[in-house]
Amino acid sequence: MFHQKQKGNYCRCHAINNLFGRELVTLGEFDNYCNEFDKKNGFARDSSRNAHLFYNNGGVNNIFGYIIKKKGIKIKMEHFDFYRTKKVKVNNNVIGYIIYNRSHTYCVKINNGEKWIIDSMKAHPKKIDSMKLFERRGIGIICVMRE
C-alpha cells in the first residue's frame, strides 16, 4: 500500500497522495495549486498550505477538491463538521476520507472494502474496523466519493 512519509509541513499534500495511492501531486505542484486557490478566493498567500488554517466553501470548494479536480479526477465531497451534526457516510462510492484538526491532516483510504488510516507521520498504514474512532469532536472529516 502506498504510504508517503512526511516532509516539512506538507501533510495536506501527503493526505491527497496517500488517499489516491500514488504521487498524484508533487510538493512543487501542491505549492502552485495552493497559491492559485488562495488568489482565486482572495485568501492571503500560503493560507492553503498552512496546517493551522482550513477554508471549506462546501462540496469540492476547498484545497483538496481544487487539487484533485485540477488533476482531472471526477469526485464529490461531503464535509462533516467538528460537531458531528450528521453521520459520516460509508458506501460503495466512497474512495476515503480526509481527516484534519488544527495541526495535522491524514486520510482513511478504502481498499477492497477495508478501511486504512494512512498518516504521513506514522511508520505504516493501520487497518481499522470502524469509523467510530472519528465520531469524536474536534476533528473535521471530508468524505471523498466518486462522481
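Preceding this paragraph is the structure being described.
Residues numbered from 1 in each chain as written. Predicted model: local features only at pLDDT ≥ 70, side-chain atom pairs only at ≥ 80, totals over all residues. Heavy atoms only, no water.

## Focus: the state of the cysteines
Formally: When two cysteine sulfur atoms lie within 2.5 Å, the pair is treated as a disulfide. Accessible area is worked out with a 1.4 Å probe on protein chains only. A residue is then buried under 20% of its type maximum, exposed over 50%, and partly exposed in between.
Counted according to the given criterion, the structure contains zero disulfides. Residue Cys34 stays outside any disulfide, its sulfur separated by 8.2 Å from that of Cys13, the closest cysteine. A relative accessible area of 0% places Cys34 in the buried class.

## Focus: helix H3 (residues 63-70)
The condition that has to hold: Secondary structure counts use DSSP, requiring at least four H or I residues in a row for a helix and at least two E residues in a row for a strand, with both numbered from the N terminus. Contacts are assigned to residue pairs that have any heavy atoms within 4.5 Å of one another.
Counting buried residues in H3 gives six out of eight residues, a clear majority hidden from the surface. Those residues of H3 not exposed but buried are Ile63, Phe64, Gly65, Tyr66, Ile67 and Ile68. On the buried face of H3, the contacting elements are helix H1 (11-20), helix H2 (27-41), strand S1 (75-80), strand S2 (94-100), strand S3 (105-111) and strand S6 (140-146). In the segment just after H3, Gly72 is the residue with positive phi, at about 85°.

## Examining the nonpolar core
Rules: What is meant by a nonpolar core is a set of buried Ala, Val, Leu, Ile, Met, Phe, Trp, Tyr and Cys residues, joined one to another through side-chain atoms within 4.5 Å.
With 28 residues, the main nonpolar core has Ile16, Phe20, Phe30, Ile68, Ile75 and Val144 as its most contacted residues. Elements represented by at least two residues in this core include exactly H1, H2, H3, S1, S2, strand S4 (114-118) and S6. Sort the elements by how many residues they give to this core and H3 lands first, with five residues. If we skip the residues at most four places from it in the chain, Phe20 touches Ile68, Ile73, Ile75, Ile95, Lys109 and Val144. Grouped together as the second largest cluster of nonpolar side chains are 14 residues, Val94, Val108, Ile128 and Met131 included.

## Observations concerning the environment of Asp129
With respect to the element layout, Asp129 can be found in the loop between strand S5 (126-128) and S6. Of the residues examined, Asp129 reaches a relative accessible area of 72% and is grouped as exposed.

## Description of the packing of H2 against H3
Selection rule: Here an angle of 0 to 180 degrees is reported between the N-to-C directions of two axes, which are lines fitted to C-alpha atoms, with helices fitted over the stretch in contact. Should the near helix be turned anticlockwise from the far one by less than a right angle, the crossing is termed left-handed; should it be turned clockwise, right-handed. Following the grouping adopted for this structure description, the nonpolar residues are Ala, Val, Leu, Ile, Met, Phe, Trp, Tyr, Cys and Pro, the charged ones are Asp, Glu, Lys and Arg, and the polar ones are all others, Gly among them.
Where H2 meets H3, the closest approach of the two axes is 10 Å, and the angle between their N-to-C directions is 120°. The two elements H2 and H3 cross, and the hand of that crossing is right-handed. When H2 is examined against H3, the residues Phe30, Tyr33, Cys34, Glu36, Phe37 and Lys40 are found in contact with a partner set consisting of Ile63, Tyr66, Ile67 and Lys70. Of the residues in the contact of H2 with H3, the class split is seven nonpolar, no polar and three charged.

## Quick look at the environment of His3
Stated formally: Two N or O atoms count as a polar contact when they lie within 3.5 Å, although within protein this holds only if one can serve as hydrogen donor and the other as acceptor, and sequence-adjacent residues are included solely when both atoms are side-chain atoms.
Take His3: it is sitting in the segment before H1. Counting along the chain gives 12 residues from His3 to Ala15, while the straight-line C-alpha distance between them is 9.4 Å. Residues in contact with His3, not counting those within four places in the same chain, are Asn18, Ile118, Asp119, Ser120, Lys122, Ala123, His124 and Pro125. There is a polar contact of 2.9 Å between the side chain of His3 and the backbone oxygen of Asp119.

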